[in-house]
Amino acid sequence: EGGREGKERRARATGCGTWWLVAMASGFGLGGQQGRCYPFWKAYQECLRTHEPEEALETCPRVREDYYECLHHRKEYARHNAIRREVLKKQNEAANGVHGKENDDVQA
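Treat the numbers as computed from the prediction; the structure is a model and nothing was measured.

Caption draft 1: Quick peek at the environment of Tyr38. With respect to the helices and strands, Tyr38 occurs in helix α2 (residues 38–50). On the accessibility criterion, Tyr38 (15% relative accessible area) is buried. Taking the C-alpha atoms as reference, Tyr38 lies 9.3 Å from Cys70; in sequence the two are 32 residues apart.

Encoded structure:
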């Protein structure tokens, strides 16, 4: 049974009231090792389980953010791109002699 209805049915059968608490796989990958993000998922799942759904939206966003960062690396990529842009900017300035002109203006 796929889809949301199947997940909801399985959640009710396991005694868990919300389908998204039981929607993740076992946490083990093809090599038999625990997945890198599984501890973050378990922390998020525990936070969701201990709060009412309305409360969880306010209480669990940092735990959710950690889990999503582990999955997608958006903050890591954004930081890497910002550093790379700054390096390229400084290389461009050095190649075009921008720093030398600024120093001349300051002394005059």
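Caption draft 2: Fine view of the state of the cysteines. Under the criterion given, the structure shown has 2 disulfides. Bridging Cys37 to Cys70, the disulfide has an S-S length of 2.0 Å. As the torsion about the S-S bond is roughly -95°, the Cys37-Cys70 disulfide counts as left-handed. Taken together, the positions of Cys37 in the loop between α1 (3–14) and α2 and Cys70 in helix α4 (residues 61–72) put the pair 33 residues apart, joining distant regions of the chain. Of the two residues examined, Cys37 and Cys70, each falls in the buried class.

Calculation criteria
- Throughout, a residue's number is its position along its own chain's written sequence, starting from 1.
- Predicted model: local features are reported for residues with pLDDT of at least 70 only, side-chain atom pairs are reported and counted for 80 or more only, and whole-chain, interface and lining totals are derived from all residues.
- Side-chain metrics rest on all non-hydrogen atoms present in the structure, leaving aside hydrogens and water.
- Helix and strand definitions follow DSSP, with helices as H or I runs of at least four residues and strands as E runs of at least two, each counted in order from the N terminus.
- Type-normalised accessible area, obtained with a 1.4 Å probe on protein chains alone, sets the label of each residue: buried when under 20%, exposed when over 50%, and partly exposed for intermediate values.
- Working definition: a disulfide is two cysteine sulfur atoms within 2.5 Å of each other.

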